[in-house]
Amino acid sequence: MTISYKWLSEYLPVTVEPERLSRILTSIGLEVESMTNYEEVKGGLQGLVIGEVLSTEKHPNADKLTLTKVSVGNGEPLQIVCGAPNVAAGQKVVVATVGTTIYPSIGDPLTMKIAKIRSVESHGMICAEDEIGMGTSHDGILVLPADAKVGMPADEYFQPYDDVIYEIGLTPNRMDAMSHWGVARDVCAYLSHHDKQDIKPKLPNGNSFKVDNTSLTLDVKVENEKACPRYSGVSIANVTIAPSPKWLQQKLKAIGLRPINNIVDITNFIQHETGQPLHAFDINKIGGNKIVVKNLPEGTSFITLDEKKRTLSAEDLMICDANEGMCIAGVFGGQHSGVTDTTKNIFLESAFFDAVITRKTSFSHGLRTDAASRFEKGTDISATVNVLKRAAKLIIEIAGGEIASEIVDNYPTIKPKTEVAIKWHFIKKLSGKNYHPDAVMDILNSLGFEKLKEGIDELRVAVPYHKPDISLPADLVEEIVRIDGLDNIEIPDSITITPAVDEQYEKEIFREKAANYLVGQGFNEMMTNSITNAAYFSEEELSSMVTMMNSLSAELNILRNSLFETSLEVVAHNLNHKNNSLRLFEFGKAYSTEGAGKYVEAEKLCLVITGNKNEDSWKEKAVATDFYNLKGAVNAVLTLFGLKADAIETIEVPKLDNHIIFKLNNIIIASAGTVKKNILDKFGIKQPVYFAGLNWAVISELATSQKNKVKEIPKYPAVQRDLAMIVPKDLIWDEVQKTVEKVKLNKLQDIKLFDIFESEKLGTNKKSIAVNFTFLDEEKTLTDKEIDGWMNKIMSSLEKELLAEIRK
């Protein structure tokens, strides 16, 4: 929410300095996220002065330049070389003297210096409007009226608007602060409480409103009173559409709004002043002089103000005339019913629309307008007529015209005020502070609450309509604490808490353990968005993915089904910033669907490596990382939790080469592979990337049931033996491991591959592999005879099962 300091100050009966106001806003829960100085003209015309051209003559060395003498009212005239075609003696102009910095409408600031232009010195510049940020024209210098006073500072003459702008981080429940009036109410409540004065906001009203005639009375009917509990409006005849006055344009520009015309600007002004959205219809375009608030049939086409054709839902509330829809109620206007330059008569609408229905319509059509954002949070149903009178009065003042109908106010069922009862001791319990009852009532009164009943132990109040979020005793405590100042909450000497018992704490411990281990191995944790781009996926993949109904953007429109694509985005981003060696991991969720309403959310862990395993140094050269580094990292994480895959299988998948899956008890617990080149090309990645995905939900579940035991370090030495063999070239290591495991040697502790050699001398499609075996008996020292017997069994099995040729 954007708040203007000057605009807000108009409603405060006392002057509050901008810095103090910023502190007050944050203290009452309207957190100031930024506080910036606003200048209508950049630089504020500082240093510029009004001058008079005393004489002009042709530049001796340039046909298109003029040599001028300019008086700025403080001594000798300045010699200035000017290139403008319209410069002439006797003109009053804006002069930038030497040392002055000008801020052009386009381009960087420029500080004036004495300059030689075609061998003639120039002591400043006679300015065009675009050169000082006051417009876009560069046809010639800016010529002022003859009565402009020579020597007057330009900022005094033009009086450019400046302000202090606050960006406030509103929580979704604070619709009452979505206006300058609402913020002023809170600030006055704070000042009243802390300064011990009765300070009330100066709120303009429509008391001088009067009906001139009833020549433009419309027939207004509300068919859907649930979606529109209150609908108010008035006709105004003979308005003149024109640009808004300077003060109104300045206010709107300061908060980031673009002035359009006086009628539209007034509706925007009133919305930001009061929080009540308004809409102006051209009466001459209202068919049958009739307005009907209703729902149109499902599938009805409607062209909105942005000239887009939209298909309506039967739930969308519409403002219609006798023939067709004119406006999506509370959201967006139609193409043909709005105010244009030729409009003479208008119908001004001020209504209360149901928050839920408005939000659904706004999101379904992707129309996130200022009006919708207010209606969906809940506006003040009691304010529609008063705001209407205020706006109508302003229109008459600025655009002329006359009130040409009685106020229409369709409000069949008066909404009762919410009543909330609160115990005095509950205020103390929840706030931690002992408030006096008088202080509580003063705060609530200043915010618009009405005391219904006050007892020894209980207070009952009626909630004002502008606070639809207040319904519980805790809400009242929040209001009290807020106005007292959130930074005034007392810190007790001791805090009594009841520790929570989390049955899932082990899984969090495992996650922390895995993260610490990976960081220790040189990995960095990344955090990515669960929402990604559907363009990354094939039609087959999309059929089982969860699509966003109301996407944040065209690039963020689907929930990811793995951490693969989002991790590659991170890799691409880092490579573009010259971080070429990466070891990354992420814990995150992946989503899928098994049909309407059947969704699956799974915890995942991914590992990604690319680039070099180590950096160049005096001791060793950089070595590129590879698939086996990734496989080792996966095995290490599993081992960390006492798990070991009982099967590793190779499976072809569309996005990974050398893709393997790790199985335990016939459940896939992890997978790994090399990202295919065509996938890397999509992300603009030009170096190999290796990706592993671990099913963290399954791994943490298995780890929870795992019983880890501590055992004594073996007293007896382990014995290692090496074995080299020639095997088929396409034989994978997993087959060798399984063959050895089938021998079932209890004393075999470990088996690992330490060399691969390929040569035509070995034979066609042959390779040589060297394997290391580690044997250990925890009860005694092994003998050569025992080890030789086991090795013979292993060699026999390898020769028989794999047709291996043992190298002697």
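Structural notes, computed from the coordinates.

Each helix and strand in the protein chain was counted, giving 20 helices and 41 strands. Computed over the C-alpha atoms, the radius of gyration of the protein chain is 39 Å, more than 25% above the 28 Å expected from 2.2 N^0.38 for a compact globule of 808 residues. Along the first, second and third principal axes, the C-alpha set of the protein chain runs to 115 × 90 × 65 Å. Each of the 808 residues in the protein chain was classed as buried or not, and the buried ones make up 47%. Within the protein chain, contacts between residues at least 6 apart in sequence are counted, and of these 69% link residues at least 24 apart. If you sum the accessible surface of the protein chain, you get close to 42,100 Å²; carbon and sulfur atoms cover 49% of it.

Taking strand neighbours across the sheet as the criterion, the 5 strands line up as S14-S17-S20-S21-S22 in an open arrangement whose pairing is mixed. Each edge of the open sheet carries a strand with a single partner, namely strand S14 (219–222) and strand S22 (332–333). Pairing analysis gives 4 bridges linking S14 to strand S17 (residues 290–295), with the strands arranged parallel. Note that in S17 the partner of Asp219 across the bridge is Lys290.

Another aspect to go through is the sheet that holds strand S35 (residues 656–664). What the 7 strands build is an open sheet, ordered S29-S32-S33-S37-S36-S35-S34; its pairing is mixed. One side of each edge strand has no neighbouring strand; the edge strands of this open sheet are strand S29 (524–525) and strand S34 (647–650). The pairing of strand S33 (residues 599–610) with strand S37 (residues 689–694) spans 6 bridges and is antiparallel. Its bridge partner being in S37, Leu607 is matched across the sheet by Ala692. The strands touched by helix H15 (residues 564–576) are strand S32 (582–593), S33, S35, strand S36 (667–675) and S37; relative to S32, the strand with the most contacts, the crossing angle is about 150°.

Right, let's talk about the packing of helix H4 (residues 180–195) against helix H12 (residues 473–484) for a bit. With their axes 8 Å apart at the nearest point, H4 and H12 run at an angle of 70° to one another. It follows from the interaxial angle that H4 and H12 lie roughly perpendicular. Between H4 and H12, the contacting residues are Asp186, Ala189, Tyr190, His193 and His194 on the first element and Arg482, Ile483 and Asp484 on the second. A breakdown of the residues in the contact of H4 with H12 according to their chemical character gives 3 nonpolar, 2 polar and 3 charged.

With that out of the way, let us pick up the packing of helix H6 (residues 262–274) against helix H9 (residues 384–399). Where H6 meets H9, the closest approach of the two axes is 10 Å, and the angle between their N-to-C directions is 145°. At the point where H6 passes H9, the crossing takes the right-handed sense. Facing Asn262, Ile263, Ile266, Phe269, Ile270, Glu273 and Thr274 of H6, the residues of H9 in contact are Val387, Arg390, Ala391, Leu394, Ile395, Ile398 and Ala399. Here the contact of H6 with H9 is composed, by residue class, of 10 nonpolar, 2 polar and 2 charged.

Let us now look at the packing of aromatic side chains. For the structure shown, the criterion picks out 15 aromatic pairs. On the basis of an interplanar angle of 70° and a centroid distance of 5.1 Å, the ring pair of Phe353 and Phe375 is categorised as edge-to-face. With Phe353 in the loop between strand S23 (346–352) and helix H7 (355–364) and Phe375 in helix H8 (residues 370–375), the pair connects residues that are 22 residues apart, well separated along the chain. The two residues Phe353 and Phe375 agree in class, both being buried. Ring geometry for Phe641 and Trp696: centres 5.6 Å apart, planes at 70°, overall edge-to-face. Of this pair, Phe641 sits in the loop between helix H16 (627–640) and S34 while Trp696 sits in helix H18 (residues 696–705), placing them 55 residues apart in sequence. The class for Phe641 is buried, based on a relative accessible area of 2%. We classify Trp696 as buried; its relative accessible area is 4%. Three or more aromatic residues joined by ring pairs form one cluster here, namely Phe510, Phe585, Phe587, Phe641 and Trp696. In this structure, Lys6 packs its charged tip against the face of Tyr161, placed 5.0 Å from the ring centre.

Here the phi dihedral of Glu307 falls at roughly 65°; this positive angle occurs in a residue that is not glycine. In this fold, Glu307 is placed in the loop between strand S18 (301–303) and strand S19 (309–311). Owing to a relative accessible area of 60%, Glu307 belongs among the exposed residues under this scheme. Backbone geometry at Asn658 places phi at a positive 50°, although glycine is not the residue there.

Applying the stated criterion across every chain yields a total of 38 salt bridges. Here Asp162 ties to Lys6 by a salt bridge, and the two come within 2.8 Å at their closest N and O atoms. Of this pair, Asp162 sits in strand S13 (residues 162–169) while Lys6 sits in helix H1 (residues 5–9), placing them 156 residues apart in sequence. One salt bridge connects Lys747 with Asp777, and the closest N-O pair in it is separated by 3.7 Å.

Below, the discussion takes up H16. Across its 14 residues, H16 extends 20 Å between first and last C-alpha, which sits within 8% of the 20 Å expected from 1.5 Å per residue. Within H16 the residues assigned to the buried category are Phe627, Asn629, Leu630, Lys631, Ala633, Val634, Val637 and Leu638. N-cap assignment for H16: the residue whose side-chain oxygen lies 3.0 Å from the backbone N of Tyr628 is Asp626. At the C-terminal side of H16, Gly642 shows a positive phi close to 70°.

Leu25, Tyr166 and Ile395 are the most contacted members of the largest nonpolar core, which totals 75 residues. By residue number, the principal contributor to this core is H4, which donates 8 residues. The contacts of Leu25, once residues within four sequence positions are left out, are Leu30, Glu31, Val32, Tyr166, Ile168, Val183 and Val187. In terms of nonpolar packing, the next biggest core, distinct from the first, is built from 33 residues, Phe523, Val634, Ile669 and Ala703 among them.

Next up on the list: the side chain of Thr358. On the secondary structure map, Thr358 appears in helix H7. Its relative accessible area of 3% is what places Thr358 among the buried residues. Polar contacts involving the side chain of Thr358 include one to the main-chain carbonyl oxygen of Asp354, which spans 2.7 Å. Ignoring anything within four residues of it in the chain, the contact list for Thr358 reads Gly330, Val331, Phe353, Ala372, Phe375 and Glu376.

The residue Thr343 is located in the loop between S22 and S23 in this model. For Thr343, the side chain forms a polar contact with the side chain of Asp282, separated by 2.8 Å. Leaving out residues up to four positions away in the same chain, Thr343 has contacts with Val239, Ile241, Asp282 and Gly338.

Moving on to the environment of Ser797. Structurally, Ser797 is set in helix H20 (residues 784–802). Overall, Ser797 belongs to the buried group, its relative accessible area being 15%. Apart from residues no more than four positions distant in its own chain, Ser797 is found in contact with Thr739, Val743 and Leu802.

Among the structural elements, Pro473 can be located in helix H12. Taking C-alpha positions, Pro473 is 5.2 Å from Ile422, a pair spaced 51 residues apart along the chain. The residues touching Pro473, leaving out its near neighbours within four places in the chain, are Val420, Ala421, Ile422 and Phe426.

Calculation rules
Residues numbered from 1 in each chain as written. Predicted model: local features only at pLDDT ≥ 70, side-chain atom pairs only at ≥ 80, totals over all residues. Heavy atoms only, no water. Helix = DSSP H or I, 4+ residues; strand = E, 2+ residues; numbered from the N terminus. Rg over C-alpha atoms; globule rule 2.2 N^0.38 Å. Buried < 20%, exposed > 50% of the residue type's maximum accessible area, 1.4 Å probe, protein only. Contact = heavy atoms within 4.5 Å. Areas by Shrake-Rupley, 256 points an atom, 1.4 Å probe, with all protein chains shown as cover. Pairing = 2+ DSSP bridges. Axes fitted to C-alpha atoms, helices over the stretch in contact; angles between N-to-C directions. Parallel < 35°, antiparallel > 145°, perpendicular 65-115°, else oblique. Nonpolar A, V, L, I, M, F, W, Y, C, P; charged D, E, K, R; others polar. Left-handed = near helix turned anticlockwise from the far one by under 90°. Phe/Tyr/Trp six-rings, centres within 6.5 Å; stacked < 30°, edge-to-face > 60°. Lys NZ or Arg CZ within 6 Å of the ring centre and 35° of its normal. Salt bridge = Lys/Arg side-chain N within 4 Å of Asp/Glu carboxyl O. Expected span 1.5 Å × (residues − 1). Polar contact = N/O pair within 3.5 Å; in protein donor to acceptor, adjacent residues only side chain to side chain. Core = buried A, V, L, I, M, F, W, Y, C linked by side-chain atoms within 4.5 Å.

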